[in-house]
Amino acid sequence: MPSPLADPVKLPCGLVLPNRLSKAAMAEMLAKNNKPNDTLSDAYERWSQGGWGCILTGNVQVDVNHMGSPFDPALHSEYTGKDAALLEQWKKYADASQKHGTPTIVQICHPGRQSFRGAGKRGMFAPTIAPSAVPINIGTGLVERAIAAVAWTQPREMTRGEIDTVIRQFVDTARLMADAGFSGVELHAAHGYLLDQFLSSKTNRRTDEYGGTPEKRARFVLDILTETRKVVPANFAIGIKLNSADHSSDTFEETMTQIALLASAGLDFLEISGGSYEDPRMMGHSTSAKAQVSDAKSARTAAREAFFLEFAHTVRERHPDLVLMLTGGFRSRAGAEAAINDGACDLVGIGRPAAVDPKFPLLLLDEQVADEDAKLVLEKAPVPWYAKWLPRSLIGAGAESTYYAGQIGRLAKGLATYAPAL
Ligand SMILES: Cc1cc2nc3c(=O)[nH]c(=O)nc-3n(C[C@H](O)[C@H](O)[C@H](O)COP(=O)(O)O)c2cc1C
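These notes cover the structure that comes with them. (Residues numbered from 1 in each chain as written. Predicted model: local features only at pLDDT ≥ 70, side-chain atom pairs only at ≥ 80, totals over all residues. Heavy atoms only, no water.)

Section: the side chain of Asp 63
- When you line up the elements, Asp 63 lands in the loop between strand S5 (60–61) and helix H2 (84–97).
- Despite its burial, Asp 63 remains without a salt bridge, the nearest opposite charge being carried by Arg 168 at 8.1 Å.
- Within the structure, Asp 63 has its side chain in polar contact with the backbone nitrogen of Asn 65 (distance 2.9 Å). (Helix = DSSP H or I, 4+ residues; strand = E, 2+ residues; numbered from the N terminus. Buried < 20%, exposed > 50% of the residue type's maximum accessible area, 1.4 Å probe, protein only. Lys, Arg positive; Asp, Glu negative; His and termini not counted. Salt bridge = Lys/Arg side-chain N within 4 Å of Asp/Glu carboxyl O. Polar contact = N/O pair within 3.5 Å; in protein donor to acceptor, adjacent residues only side chain to side chain.)

What follows is the structure, encoded as structure tokens:
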């Protein structure tokens, strides 16, 4: 019997994804001057041959002054549509990724207070920008506080003018991606980046129209969504990646209020993930005792692969028509099919396995391959000896990113890729 993973999915904008397996966004660390280049296109050409239903790119930063890593592609200035060479390079990237018909959606992002010192052209000592001046807290121990002080400068509260500028930067980036021929954009509103910082009461303490209530905290994201819709073609997808909230947390209903607002603003899909630099749950690591207890308590989650399954079910119950992607932890056909058959999601987002096997969907969708063989087992990424004294959850997530970015680098060069060894 054909797998339900092979079914196409039609987004509200009309874009059809040929199956339910989406490569998740992974920062490639390949854009040396923060512009797309042939190496980046080569990596995506490899993924284009992999039978994915959708390819999500690694995060593209909307302002070169505020970068997630020093090697992300970024928007360097206001987009006028007149820089033919720039557009050509982005077109090459879009063509490489969509060469075999897989729609490619570009993840667009601003790191806000999570922009590392030295990442971006604003200078080593310039503050980061954020909804409110709430510094990063990766722990109260001496080592954690020292790391935070070295890694990040203090955030500064954004002015109204800066809010307008960043909205324009998101819209400009989306327009550039549409002109280049990509199939859509995904607003990165998860993992503690700027849009997530606005949504969350922990980091947004504003008292103007962009803070205070859950509705006002969602306004920044809603403005970006509405303004973007006005400038991109009707069949250009706009999705969003959002963090899940623990059912037991104070903010659970507030997150649900925000999702309802986003859903009614015309989203093509909602991707569910979780975590931030302060609590990297997206990689299956957590610094939060509460999160660990709640994960351990959930027998359903433990029995299956996905990290944020329970939350996806809740969103599905409240928004049956919203196209949902669930990302984090999927390693097998059985796990992916269980999530689809259960109705938890419409699309399965796959990150780390895609860096090791760019053609992972061809394995999962091959009816000749038995269920027990349709999987990729991944051990924990190795932690370098000199980093072993660092906080375990942080270094674990850092080691995962570093290891898999290394595999993406190999993939771009046409070299063999490897799962972490035992
Ligand atoms: C090397 C690497 C880079 C990543 N970069 C991004 C990113 O740019 N944007 C994003 O939303 N998530 C990023 N992630 C997180 C993944 O999209 C995904 O949420 C996470 O890896 C969990 O999925 P998995 O268990 O299938 O790997 C990255 C993960 C890895 C391993």
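Having seen the model, we can carry on.
Overview of the site of the ligand
- Neighbouring residues of the ligand: 23 residues in total, closest Ala 25, Ala 27, Gln 107, Gly 351 and Arg 352.
- The backbone of Ala 25 places a nitrogen or oxygen atom 2.6 Å from an oxygen atom of the ligand.
- Between the ligand and Arg 331, the relevant distance is 2.9 Å, taken from an oxygen atom to a side-chain nitrogen or oxygen of the residue.
- Protein burial of the ligand: of its 600 Å² of free accessible surface, 95% is covered by the chains.
- When contributions to the shell around the ligand are tallied by element, the ones reaching two or more residues are helix H13 (352–356) and helix H15 (392–412).
- The residue makeup of the shell around the ligand, split by class, is 10 nonpolar, 10 polar and three charged. (Near = heavy atom within 4 Å. Areas by Shrake-Rupley, 256 points an atom, 1.4 Å probe, with all protein chains shown as cover. Nonpolar A, V, L, I, M, F, W, Y, C, P; charged D, E, K, R; others polar.)

Topic: a nonpolar patch on the surface
- A surface patch of nonpolar side chains, about 360 Å² in accessible area, is lined by Leu 142, Val 143 and Trp 389.
- Mapping Trp 389 onto the fold places it in the loop between helix H14 (360–364) and H15. (Patch = residues over 30% accessible without salt bridge, like charges linked within 9 Å, V, L, I, M, F, W, Y side chains within 5 Å.)

A word on the packing of helix H1 (residues 38–48) against H2
- Direction vectors running N to C along H1 and H2 enclose 20 degrees, while the axes themselves pass 7 Å from each other. Between H1 and H2, the crossing angle belongs to the class labelled roughly parallel. The interaxial crossing formed by H1 with H2 has right-handed handedness. The segment H1 lies against H2, with Asp 38, Leu 40, Ser 41, Tyr 44, Glu 45 and Ser 48 engaging Gln 89, Lys 92, Tyr 93, Ala 96 and Ser 97.
- Residues that form the contact of H1 with H2 fall into these classes: four nonpolar, four polar and three charged. (Axes fitted to C-alpha atoms, helices over the stretch in contact; angles between N-to-C directions. Parallel < 35°, antiparallel > 145°, perpendicular 65-115°, else oblique. Left-handed = near helix turned anticlockwise from the far one by under 90°. Contact = heavy atoms within 4.5 Å.)

Some details on the nonpolar core
- Counting residues in hydrophobic clusters, the biggest one holds 93 residues, and the most contacted among them are Trp 47, Phe 220 and Leu 270.
- At 10 residues, the largest contribution of residues to this core is made by helix H4 (residues 160–180).
- If sequence neighbours within four positions are ignored, Trp 47 has contacts with Lys 23, Met 26, Trp 52, Ile 55, Ala 354, Pro 358, Ile 408 and Leu 411. (Core = buried A, V, L, I, M, F, W, Y, C linked by side-chain atoms within 4.5 Å.)

Function cannot be inferred from these measures alone, as they are strictly geometric.
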